[in-house]
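Topology and contacts: notes
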Amino acid sequence: MERGVSMKKQVRIDDIVSAVDGVILFKGENDYVRWVVSSGLMSDVLTTEEEEILLLSSLTTAQVVRTADMVGANAILLAYNKPVTDDVIALARELGITLLGTPYPVFEACHLLSPLFFGD
Amino acid sequence: MPNRFPISTEAVDKTPVATMEIILRLKVKDAMVTNVLAAKKSDTLREIQMMMKENEISGVPVLDENRLVGMISVNDIINALDRNYIHDKAEKHMVRNLIVLEDDMPLTFAVSYFNKYTYRRFPVINKEKEFVGILSTKDVLAAMLFEMNKEINALESRLTSVRADMPNQIVQEFVIKRFDFENAGTASFQLKKLLKEKSVDRKVLRRASVAAYELEINVAIHTFGGTITFIFDKDRITIIAKDNGPGILNVDEVCEEGFSTANEWIRSLGFGAGMGLPNTKRVSDDFSITSQVGVGTTVTSVIFLEAKDESE
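Throughout what follows, the structure given in this document is the object of discussion. (Residues numbered from 1 in each chain as written. Chains lettered and ligands numbered in written order. Predicted model: local features only at pLDDT ≥ 70, side-chain atom pairs only at ≥ 80, totals over all residues.)

Considerations on the overall build of chain A
Helix and strand content of chain A: five helices and seven strands. Shown N-terminal to C-terminal, the secondary structure of chain A runs as helices and strands in the order β-α-β-β-β-α-β-α-β-α-β-α. Taking all 120 residues of chain A together, the buried fraction comes to 42%. Within chain A, contacts between residues at least 6 apart in sequence are counted, and of these 53% link residues at least 24 apart. (Helix = DSSP H or I, 4+ residues; strand = E, 2+ residues; numbered from the N terminus. Buried ≥ 20, exposed ≤ 12 C-beta atoms within 10 Å, placed from the backbone. Contact = placed C-beta atoms within 7 Å.)

Rendered as C-alpha coordinates:
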(Lines give C-alpha, C1' and ligand atoms only; values in the text may rest on other atoms or scores of the structure.)
Protein backbone atom coordinates (compact mmCIF):
# COMPACT_ATOMS: atom_id res chain seq x y z
CA MET A 1 0.00 0.00 0.00
CA GLU A 2 1.28 3.41 -0.81
CA ARG A 3 1.84 5.64 2.16
CA GLY A 4 1.14 8.49 -0.15
CA VAL A 5 1.04 12.15 0.60
CA SER A 6 -1.35 12.75 -2.30
CA MET A 7 -4.65 14.37 -1.32
CA LYS A 8 -7.42 11.79 -1.15
CA LYS A 9 -11.11 12.31 -1.77
CA GLN A 10 -13.43 13.38 1.01
CA VAL A 11 -15.71 10.80 2.62
CA ARG A 12 -18.69 12.20 4.52
CA ILE A 13 -19.04 11.46 8.23
CA ASP A 14 -22.73 10.74 7.60
CA ASP A 15 -21.81 7.99 5.09
CA ILE A 16 -19.41 6.50 7.61
CA VAL A 17 -22.07 6.49 10.32
CA SER A 18 -24.55 4.62 8.12
CA ALA A 19 -21.90 2.15 6.89
CA VAL A 20 -20.97 0.98 10.38
CA ASP A 21 -24.37 1.45 12.12
CA GLY A 22 -22.62 4.15 14.06
CA VAL A 23 -23.64 6.70 16.63
CA ILE A 24 -22.41 10.28 16.85
CA LEU A 25 -21.09 11.03 20.33
CA PHE A 26 -19.88 14.48 19.34
CA LYS A 27 -20.05 16.33 16.05
CA GLY A 28 -16.85 18.25 15.39
CA GLU A 29 -15.77 21.00 13.01
CA ASN A 30 -15.32 18.94 9.83
CA ASP A 31 -17.98 16.71 8.26
CA TYR A 32 -15.56 14.56 6.24
CA VAL A 33 -12.38 12.50 6.45
CA ARG A 34 -9.92 11.45 3.74
CA TRP A 35 -8.48 8.20 5.05
CA VAL A 36 -8.71 5.69 7.88
CA VAL A 37 -5.87 4.81 10.22
CA SER A 38 -6.63 1.95 12.54
CA SER A 39 -4.50 0.83 15.47
CA GLY A 40 -4.56 0.07 19.14
CA LEU A 41 -1.11 1.53 19.41
CA MET A 42 -1.02 5.29 19.52
CA SER A 43 2.66 5.53 18.57
CA ASP A 44 1.71 3.70 15.38
CA VAL A 45 -0.94 6.30 14.64
CA LEU A 46 1.62 9.06 15.22
CA THR A 47 3.77 7.75 12.36
CA THR A 48 1.08 8.30 9.74
CA GLU A 49 1.56 10.90 7.06
CA GLU A 50 -2.08 10.91 6.03
CA GLU A 51 -4.12 14.05 6.51
CA GLU A 52 -7.61 14.60 7.90
CA ILE A 53 -8.04 10.99 8.88
CA LEU A 54 -10.58 8.90 10.73
CA LEU A 55 -8.83 7.24 13.65
CA LEU A 56 -10.38 3.82 14.26
CA SER A 57 -9.49 2.21 17.55
CA SER A 58 -10.79 -0.08 20.26
CA LEU A 59 -9.16 2.08 22.91
CA THR A 60 -11.33 4.72 24.56
CA THR A 61 -8.84 6.68 26.67
CA ALA A 62 -8.32 10.43 26.55
CA GLN A 63 -4.98 9.74 24.85
CA VAL A 64 -6.81 8.45 21.76
CA VAL A 65 -8.37 11.89 21.42
CA ARG A 66 -5.06 13.64 22.07
CA THR A 67 -3.29 11.43 19.54
CA ALA A 68 -6.00 12.24 16.99
CA ASP A 69 -5.40 15.92 17.67
CA MET A 70 -1.63 15.61 17.23
CA VAL A 71 -1.98 14.06 13.77
CA GLY A 72 -4.76 16.46 12.79
CA ALA A 73 -7.47 13.78 12.56
CA ASN A 74 -10.98 14.94 11.71
CA ALA A 75 -12.80 12.13 13.48
CA ILE A 76 -12.46 9.12 15.78
CA LEU A 77 -14.44 5.88 15.50
CA LEU A 78 -14.52 3.68 18.59
CA ALA A 79 -15.13 -0.04 18.07
CA TYR A 80 -17.34 -2.39 20.11
CA ASN A 81 -19.50 0.54 21.25
CA LYS A 82 -17.28 0.65 24.29
CA PRO A 83 -18.57 3.01 26.97
CA VAL A 84 -16.92 6.41 26.81
CA THR A 85 -16.42 8.59 29.87
CA ASP A 86 -17.72 12.15 29.91
CA ASP A 87 -14.23 13.64 30.09
CA VAL A 88 -13.22 11.88 26.86
CA ILE A 89 -16.26 13.40 25.12
CA ALA A 90 -15.45 16.75 26.72
CA LEU A 91 -11.90 16.56 25.38
CA ALA A 92 -13.16 15.77 21.86
CA ARG A 93 -15.41 18.81 22.15
CA GLU A 94 -12.53 20.99 23.36
CA LEU A 95 -10.35 19.87 20.45
CA GLY A 96 -13.19 19.98 17.90
CA ILE A 97 -12.81 16.35 16.84
CA THR A 98 -15.86 14.29 15.81
CA LEU A 99 -16.35 11.25 18.04
CA LEU A 100 -18.24 8.22 16.71
CA GLY A 101 -19.04 4.76 18.00
CA THR A 102 -19.81 1.49 16.21
CA PRO A 103 -20.97 -1.89 17.55
CA TYR A 104 -18.52 -3.70 15.21
CA PRO A 105 -15.04 -4.95 16.08
CA VAL A 106 -12.14 -3.13 14.40
CA PHE A 107 -11.64 -5.64 11.58
CA GLU A 108 -15.30 -5.68 10.61
CA ALA A 109 -15.52 -1.91 10.82
CA CYS A 110 -12.54 -1.70 8.43
CA HIS A 111 -14.28 -4.07 6.03
CA LEU A 112 -17.48 -2.02 6.10
CA LEU A 113 -15.58 1.24 5.59
CA SER A 114 -13.29 0.14 2.78
CA PRO A 115 -15.82 0.54 -0.12
CA LEU A 116 -16.20 4.21 0.84
CA PHE A 117 -12.48 4.83 0.47
CA PHE A 118 -11.44 2.41 -2.26
CA GLY A 119 -14.53 2.52 -4.50
CA ASP A 120 -15.23 5.31 -6.95
CA MET B 1 -10.55 46.81 72.41
CA PRO B 2 -6.90 46.50 71.43
CA ASN B 3 -5.57 42.98 71.01
CA ARG B 4 -3.14 42.12 73.81
CA PHE B 5 -1.88 39.03 71.98
CA PRO B 6 -1.07 40.09 68.41
CA ILE B 7 0.36 37.49 66.01
CA SER B 8 4.06 37.85 65.39
CA THR B 9 4.55 39.40 61.98
CA GLU B 10 8.06 38.00 61.66
CA ALA B 11 6.89 35.13 59.47
CA VAL B 12 4.88 37.49 57.28
CA ASP B 13 7.94 39.64 56.66
CA LYS B 14 9.70 36.67 55.08
CA THR B 15 6.75 35.75 52.86
CA PRO B 16 7.66 34.70 49.30
CA VAL B 17 6.81 37.24 46.61
CA ALA B 18 4.11 35.03 45.05
CA THR B 19 2.27 34.73 48.35
CA MET B 20 2.61 38.44 49.01
CA GLU B 21 1.12 39.18 45.60
CA ILE B 22 -1.86 36.97 46.33
CA ILE B 23 -2.51 38.70 49.64
CA LEU B 24 -2.16 42.12 48.07
CA ARG B 25 -4.32 41.16 45.09
CA LEU B 26 -7.22 40.08 47.29
CA LYS B 27 -9.65 42.70 48.49
CA VAL B 28 -11.99 42.60 51.44
CA LYS B 29 -14.90 42.11 49.03
CA ASP B 30 -13.29 38.91 47.70
CA ALA B 31 -13.43 37.29 51.11
CA MET B 32 -16.41 38.82 52.93
CA VAL B 33 -19.75 37.12 53.42
CA THR B 34 -22.49 39.14 51.74
CA ASN B 35 -25.54 37.16 52.67
CA VAL B 36 -25.81 38.63 56.17
CA LEU B 37 -28.75 39.05 58.51
CA ALA B 38 -29.24 42.56 59.82
CA ALA B 39 -31.56 44.29 62.26
CA LYS B 40 -33.37 47.61 61.93
CA LYS B 41 -32.61 50.29 64.50
CA SER B 42 -36.27 50.15 65.59
CA ASP B 43 -36.05 46.42 66.40
CA THR B 44 -36.08 45.56 70.09
CA LEU B 45 -33.15 43.81 71.74
CA ARG B 46 -35.51 40.88 72.42
CA GLU B 47 -36.18 40.56 68.66
CA ILE B 48 -32.46 40.64 68.00
CA GLN B 49 -31.86 38.06 70.73
CA MET B 50 -34.33 35.74 68.94
CA MET B 51 -32.66 36.41 65.60
CA MET B 52 -29.31 35.39 67.10
CA LYS B 53 -30.74 32.28 68.70
CA GLU B 54 -32.58 31.08 65.59
CA ASN B 55 -29.63 31.64 63.28
CA GLU B 56 -26.87 30.77 65.72
CA ILE B 57 -25.04 34.04 65.25
CA SER B 58 -23.27 36.14 67.86
CA GLY B 59 -23.38 39.60 66.32
CA VAL B 60 -25.92 41.54 64.28
CA PRO B 61 -25.38 44.76 62.33
CA VAL B 62 -28.04 47.42 62.84
CA LEU B 63 -29.13 49.32 59.77
CA ASP B 64 -30.95 52.55 59.01
CA GLU B 65 -32.10 51.92 55.45
CA ASN B 66 -28.85 50.65 53.88
CA ARG B 67 -26.57 52.55 56.20
CA LEU B 68 -24.79 50.80 59.00
CA VAL B 69 -25.50 52.63 62.27
CA GLY B 70 -24.43 50.13 64.92
CA MET B 71 -23.82 46.59 66.07
CA ILE B 72 -25.45 44.42 68.71
CA SER B 73 -23.36 41.57 70.10
CA VAL B 74 -24.22 38.71 72.46
CA ASN B 75 -22.50 40.74 75.13
CA ASP B 76 -25.00 43.59 74.66
CA ILE B 77 -27.88 41.12 74.97
CA ILE B 78 -26.44 39.70 78.23
CA ASN B 79 -26.14 43.23 79.60
CA ALA B 80 -29.75 43.97 78.55
CA LEU B 81 -31.02 40.87 80.36
CA ASP B 82 -28.88 41.62 83.37
CA ARG B 83 -29.99 45.23 83.62
CA ASN B 84 -33.53 44.59 82.52
CA TYR B 85 -33.86 46.58 79.28
CA ILE B 86 -34.27 43.71 76.82
CA HIS B 87 -37.45 45.33 75.42
CA ASP B 88 -35.69 48.55 74.53
CA LYS B 89 -35.01 49.46 70.92
CA ALA B 90 -31.64 48.55 69.43
CA GLU B 91 -30.71 52.13 68.62
CA LYS B 92 -30.72 52.98 72.31
CA HIS B 93 -28.02 50.51 73.30
CA MET B 94 -26.16 49.53 70.18
CA VAL B 95 -22.46 50.13 69.83
CA ARG B 96 -22.17 53.15 67.58
CA ASN B 97 -18.47 53.64 67.62
CA LEU B 98 -17.80 51.01 65.02
CA ILE B 99 -14.58 49.98 63.41
CA VAL B 100 -15.49 49.13 59.85
CA LEU B 101 -13.70 47.93 56.75
CA GLU B 102 -14.29 49.18 53.23
CA ASP B 103 -14.92 46.56 50.55
CA ASP B 104 -12.15 47.96 48.34
CA MET B 105 -9.44 47.68 50.98
CA PRO B 106 -6.75 45.07 50.44
CA LEU B 107 -7.13 41.98 52.58
CA THR B 108 -3.76 42.67 54.20
CA PHE B 109 -5.35 45.73 55.75
CA ALA B 110 -8.10 43.58 57.24
CA VAL B 111 -5.50 41.16 58.60
CA SER B 112 -3.79 44.03 60.39
CA TYR B 113 -7.15 45.02 61.88
CA PHE B 114 -7.70 41.54 63.25
CA ASN B 115 -4.28 41.77 64.77
CA LYS B 116 -4.87 45.19 66.24
CA TYR B 117 -8.30 44.61 67.77
CA THR B 118 -9.91 41.70 69.58
CA TYR B 119 -13.01 41.65 67.36
CA ARG B 120 -13.48 38.42 65.47
CA ARG B 121 -15.45 40.08 62.70
CA PHE B 122 -15.79 43.49 61.10
CA PRO B 123 -18.73 44.97 59.24
CA VAL B 124 -17.91 46.02 55.68
CA ILE B 125 -19.25 49.11 53.92
CA ASN B 126 -18.86 50.35 50.35
CA LYS B 127 -17.86 53.79 49.04
CA GLU B 128 -21.45 55.01 49.46
CA LYS B 129 -21.23 54.02 53.14
CA GLU B 130 -23.80 51.29 52.59
CA PHE B 131 -23.52 48.07 54.54
CA VAL B 132 -22.41 45.26 52.20
CA GLY B 133 -21.15 42.37 54.33
CA ILE B 134 -19.18 40.96 57.22
CA LEU B 135 -15.61 39.74 57.30
CA SER B 136 -14.42 37.17 59.84
CA THR B 137 -10.98 35.60 60.31
CA LYS B 138 -12.43 32.36 58.92
CA ASP B 139 -13.41 34.17 55.69
CA VAL B 140 -9.88 35.57 55.32
CA LEU B 141 -8.34 32.12 55.70
CA ALA B 142 -10.76 30.52 53.24
CA ALA B 143 -10.21 33.19 50.59
CA MET B 144 -6.44 33.03 50.90
CA LEU B 145 -6.28 29.25 50.72
CA PHE B 146 -8.54 29.24 47.70
CA GLU B 147 -6.44 31.83 45.89
CA MET B 148 -3.15 30.15 46.81
CA ASN B 149 -4.33 26.80 45.49
CA LYS B 150 -5.35 28.45 42.26
CA GLU B 151 -2.00 30.20 41.93
CA ILE B 152 0.07 27.11 42.73
CA ASN B 153 -1.90 25.03 40.25
CA ALA B 154 -1.22 27.59 37.56
CA LEU B 155 2.47 27.81 38.47
CA GLU B 156 2.86 24.05 38.55
CA SER B 157 1.31 23.45 35.18
CA ARG B 158 2.96 26.21 33.25
CA LEU B 159 6.04 28.30 33.58
CA THR B 160 6.56 30.73 30.75
CA SER B 161 9.37 33.17 30.43
CA VAL B 162 11.05 35.35 27.90
CA ARG B 163 14.79 35.49 28.25
CA ALA B 164 16.07 39.00 28.62
CA ASP B 165 19.24 38.28 26.66
CA MET B 166 17.28 36.61 23.85
CA PRO B 167 14.28 38.87 23.27
CA ASN B 168 13.09 36.88 20.26
CA GLN B 169 13.05 33.67 22.19
CA ILE B 170 10.01 32.34 24.05
CA VAL B 171 10.50 29.61 26.61
CA GLN B 172 7.64 27.55 28.00
CA GLU B 173 8.12 24.92 30.64
CA PHE B 174 5.57 22.36 31.79
CA VAL B 175 5.75 20.01 34.73
CA ILE B 176 4.88 16.38 34.00
CA LYS B 177 3.94 14.17 36.91
CA ARG B 178 4.67 10.47 37.10
CA PHE B 179 1.84 8.28 35.79
CA ASP B 180 -0.34 11.32 35.19
CA PHE B 181 -1.77 9.72 32.11
CA GLU B 182 -4.87 11.92 32.21
CA ASN B 183 -2.97 15.14 31.65
CA ALA B 184 -0.13 13.87 29.47
CA GLY B 185 -0.54 15.69 26.18
CA THR B 186 -1.66 19.04 27.57
CA ALA B 187 1.79 20.57 27.08
CA SER B 188 1.94 19.35 23.46
CA PHE B 189 -1.51 20.84 22.94
CA GLN B 190 -0.18 24.23 24.11
CA LEU B 191 2.79 23.88 21.75
CA LYS B 192 0.52 23.07 18.85
CA LYS B 193 -1.67 26.06 19.67
CA LEU B 194 1.27 28.44 19.76
CA LEU B 195 2.73 27.13 16.49
CA LYS B 196 -0.69 27.46 14.88
CA GLU B 197 -0.89 31.08 16.02
CA LYS B 198 2.52 31.66 14.45
CA SER B 199 1.21 30.15 11.17
CA VAL B 200 3.97 27.56 11.08
CA ASP B 201 3.95 25.18 8.09
CA ARG B 202 1.39 22.38 8.58
CA LYS B 203 3.93 19.55 8.23
CA VAL B 204 6.37 21.19 10.62
CA LEU B 205 3.56 21.74 13.10
CA ARG B 206 2.65 18.08 12.90
CA ARG B 207 6.23 16.88 13.37
CA ALA B 208 6.73 19.18 16.36
CA SER B 209 3.43 18.02 17.87
CA VAL B 210 4.34 14.35 17.45
CA ALA B 211 7.80 14.85 18.96
CA ALA B 212 6.45 16.80 21.92
CA TYR B 213 3.63 14.34 22.51
CA GLU B 214 5.82 11.22 22.39
CA LEU B 215 8.32 12.82 24.76
CA GLU B 216 5.58 13.98 27.10
CA ILE B 217 4.05 10.49 27.23
CA ASN B 218 7.53 9.05 27.81
CA VAL B 219 8.17 11.24 30.83
CA ALA B 220 4.76 10.36 32.28
CA ILE B 221 4.96 6.59 31.85
CA HIS B 222 8.66 5.75 32.13
CA THR B 223 10.12 8.22 34.62
CA PHE B 224 9.69 9.61 38.11
CA GLY B 225 8.39 12.79 36.52
CA GLY B 226 10.08 15.81 35.04
CA THR B 227 9.58 18.76 32.75
CA ILE B 228 9.11 19.44 29.09
CA THR B 229 10.43 22.72 27.78
CA PHE B 230 9.66 24.35 24.46
CA ILE B 231 12.06 26.98 23.18
CA PHE B 232 10.75 29.00 20.27
CA ASP B 233 13.40 30.70 18.16
CA LYS B 234 13.00 32.51 14.87
CA ASP B 235 14.13 29.51 12.81
CA ARG B 236 13.51 26.51 15.05
CA ILE B 237 11.65 24.93 17.89
CA THR B 238 13.62 23.04 20.50
CA ILE B 239 11.83 20.49 22.67
CA ILE B 240 13.65 19.36 25.80
CA ALA B 241 12.26 16.55 27.94
CA LYS B 242 14.09 16.28 31.21
CA ASP B 243 13.22 13.76 33.89
CA ASN B 244 14.33 12.95 37.41
CA GLY B 245 15.27 9.34 36.81
CA PRO B 246 15.60 6.42 36.82
CA GLY B 247 17.93 7.00 33.85
CA ILE B 248 18.79 4.74 30.92
CA LEU B 249 21.69 2.29 30.91
CA ASN B 250 22.09 2.04 27.15
CA VAL B 251 20.76 5.01 25.20
CA ASP B 252 21.41 3.39 21.79
CA GLU B 253 19.14 0.50 22.67
CA VAL B 254 16.13 2.69 23.53
CA CYS B 255 16.27 4.41 20.17
CA GLU B 256 15.79 1.10 18.35
CA GLU B 257 12.26 0.41 17.17
CA GLY B 258 10.56 -2.20 19.29
CA PHE B 259 12.82 -1.94 22.31
CA SER B 260 10.55 -1.41 25.29
CA THR B 261 10.52 -1.71 29.04
CA ALA B 262 6.81 -0.90 29.28
CA ASN B 263 4.50 -3.03 31.37
CA GLU B 264 1.06 -4.41 30.47
CA TRP B 265 -0.72 -1.45 31.98
CA ILE B 266 1.06 1.01 29.70
CA ARG B 267 0.49 -1.25 26.69
CA SER B 268 -3.21 -1.49 27.47
CA LEU B 269 -3.37 2.28 27.16
CA GLY B 270 -1.97 2.23 23.63
CA PHE B 271 1.67 3.02 24.32
CA GLY B 272 4.84 1.21 25.23
CA ALA B 273 5.61 -0.61 21.99
CA GLY B 274 9.09 0.81 21.77
CA MET B 275 8.13 3.42 19.18
CA GLY B 276 8.26 6.61 21.23
CA LEU B 277 11.91 7.61 20.89
CA PRO B 278 12.33 6.24 17.33
CA ASN B 279 9.24 8.23 16.36
CA THR B 280 10.61 11.37 17.96
CA LYS B 281 13.95 10.86 16.24
CA ARG B 282 12.22 10.34 12.87
CA VAL B 283 10.36 13.67 13.01
CA SER B 284 13.31 15.65 14.41
CA ASP B 285 15.91 17.52 12.39
CA ASP B 286 18.29 17.13 15.27
CA PHE B 287 17.95 14.61 18.06
CA SER B 288 20.07 13.87 21.10
CA ILE B 289 19.73 11.91 24.28
CA THR B 290 21.89 11.92 27.38
CA SER B 291 21.24 9.85 30.45
CA GLN B 292 22.74 8.88 33.75
CA VAL B 293 21.38 5.97 35.72
CA GLY B 294 20.05 7.17 39.06
CA VAL B 295 20.00 10.80 37.94
CA GLY B 296 17.80 11.19 34.88
CA THR B 297 17.50 11.53 31.16
CA THR B 298 17.40 14.54 28.87
CA VAL B 299 16.08 14.20 25.35
CA THR B 300 16.42 17.12 22.98
CA SER B 301 14.58 17.40 19.69
CA VAL B 302 15.14 20.28 17.30
CA ILE B 303 12.77 21.01 14.45
CA PHE B 304 13.49 23.75 11.93
CA LEU B 305 10.57 25.90 10.96
CA GLU B 306 11.54 25.87 7.28
CA ALA B 307 9.87 22.71 5.95
CA LYS B 308 12.28 19.78 5.69
CA ASP B 309 13.13 18.59 2.18
CA GLU B 310 10.85 15.62 1.48
CA SER B 311 13.06 14.14 -1.27
CA GLU B 312 14.56 11.41 0.96
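Concerning the overall build of chain B
Helix and strand content of chain B: 13 helices and 12 strands. Taking the contacts inside chain B whose residues are at least 6 apart along the sequence as the reference set, 61% of them involve residues at least 24 apart.

Some words on the nonpolar core
Ranked by size, the top nonpolar core spans 64 residues in total, and within it Leu54(A), Leu55(A) and Ile76(A) carry the most contacts. If one sorts the elements of this core by residue count, helix 10 (residues 202–222) of chain B sits on top with 12 residues. If sequence neighbours within four positions are ignored, Leu55(A) has contacts with Val37(A), Val45(A), Val64(A), Ala68(A), Ala73(A) and Ile76(A). Of all hydrophobic cores here, the second largest spans 15 residues; its members include Met32(B), Ala110(B), Phe122(B) and Val140(B). (Core = buried A, V, L, I, M, F, W, Y, C linked by C-beta atoms within 7 Å.)

Focus on the sheet that holds strand 6 (residues 131–136) of chain B
Residue and element names in this part refer to chain B. Read across the sheet, three strands follow the order 4-5-6 without closing on themselves; strand pairing throughout is mixed. Where the open sheet ends on each side, the last strands, each with one partner, are strand 4 (101–102) and strand 6. Sheet topology note: the strand 4/strand 5 (residues 121–125) ladder contains two bridges and is parallel. Bridging from a neighbouring strand, Glu102 pairs with Ile125 of strand 5. (Pairing = 2+ DSSP bridges.)

Notes on the interface of chain B and chain A
Taken together, the 17 residues of chain B in the interface contact 17 residues of chain A. Looking at the side of chain B that touches chain A, the elements with two or more residues in it are helix 9 (186–197), helix 10 and helix 13 (276–283) of chain B. The biggest single contributor to the side of chain B that touches chain A is helix 10 of chain B, with five residues. Tallied by class, residues from the side of chain B that touches chain A come to eight nonpolar, six polar and three charged. (Nonpolar A, V, L, I, M, F, W, Y, C, P; charged D, E, K, R; others polar.)

Here's the deal with the pairing of strand 6 of chain B
Residue and element names in this part refer to chain B. With respect to burial, strand 6 is a largely interior element, five of its six residues being buried. When strand 5 meets strand 6, the two strands line up antiparallel, connected through five bridges. Across the sheet, residue Phe122 finds its bridge partner in strand 6, namely Leu135.

Points about the packing of helix 3 (residues 62–70) of chain A against helix 4 (residues 86–95) of chain A
All names here are of chain A. Running from amino to carboxyl end, helix 3 crosses helix 4 at an angle of 15 degrees, the nearest separation of the two axes being 9 Å. Comparing their axes, helix 4 and helix 3 come out roughly parallel. Two packed elements cross with a definite hand, and for helix 3 against helix 4 that hand is right-handed. Residue-level inspection shows Ala62, Val65 and Asp69 of helix 3 in contact with helix 4, the latter providing Asp87, Val88, Leu91, Ala92 and Leu95. (Axes fitted to C-alpha atoms, helices over the stretch in contact; angles between N-to-C directions. Parallel < 35°, antiparallel > 145°, perpendicular 65-115°, else oblique. Left-handed = near helix turned anticlockwise from the far one by under 90°.)

Here we look at the sheet that holds strand 1 (residues 39–40) of chain B
In a beta sheet, neighbouring strands pair by backbone hydrogen bonds and run either parallel or antiparallel. Residue and element names in this part refer to chain B. The strand order across the open sheet formed by three strands is 1-2-3, and the pairing between neighbours is mixed. Both outer strands of the open sheet, strand 1 and strand 3 (67–73), are each paired with one neighbouring strand and no more. Bridge count for strand 1 against strand 2 (residues 59–64) is two bridges, and the pairing is parallel. Within strand 2, the residue paired with Lys40 across the bridge is Leu63. Docked against the sheet, helix 4 (residues 45–55) engages strand 1, strand 2 and strand 3, running at close to 130 degrees with respect to strand 2.

Some details on the environment of Glu214(B)
Looking at the secondary structure, you find Glu214(B) in helix 10. For the pair Glu214(B) and Phe271(B), spaced 57 residues apart in the sequence, the C-alpha separation amounts to 9.4 Å. If we ignore the near neighbours within four places in the chain, the residues touching Glu214(B) are Ser43(A), Leu46(A), Gly276(B), Asn279(B) and Thr280(B).

Focus on helix 3 of chain A
Counting buried residues in helix 3 of chain A gives eight out of nine residues, a clear majority hidden from the surface. Those residues of helix 3 of chain A lying buried are Gln63(A), Val64(A), Val65(A), Arg66(A), Thr67(A), Ala68(A), Asp69(A) and Met70(A). Next to the buried residues of helix 3 of chain A lie helix 2 (42–45), strand 5 (53–57), strand 6 (75–78) and helix 4 of chain A together with helix 9 and helix 10 of chain B. Downstream of helix 3 of chain A by one or two residues, Gly72(A) has phi in the positive range, about 65 degrees.

A short note on the packing of helix 10 of chain B against helix 13 of chain B
All names here are of chain B. Where helix 10 meets helix 13, the axes come as close as 9 Å, and the angle between the chain directions of the two elements is 155 degrees. Classed by the angle they form, the pair helix 10 and helix 13 counts as roughly antiparallel. Two packed elements cross with a definite hand, and for helix 10 against helix 13 that hand is left-handed. For the pair helix 10 and helix 13, the contacting residues are Arg207, Val210, Ala211, Glu214, Leu215, Ile217 and Asn218 in the first and Gly276, Asn279, Thr280 and Val283 in the second. When grouped by side-chain class, the residues that make up the contact of helix 10 with helix 13 number five nonpolar, four polar and two charged.

This is a description of form; function is not addressed.
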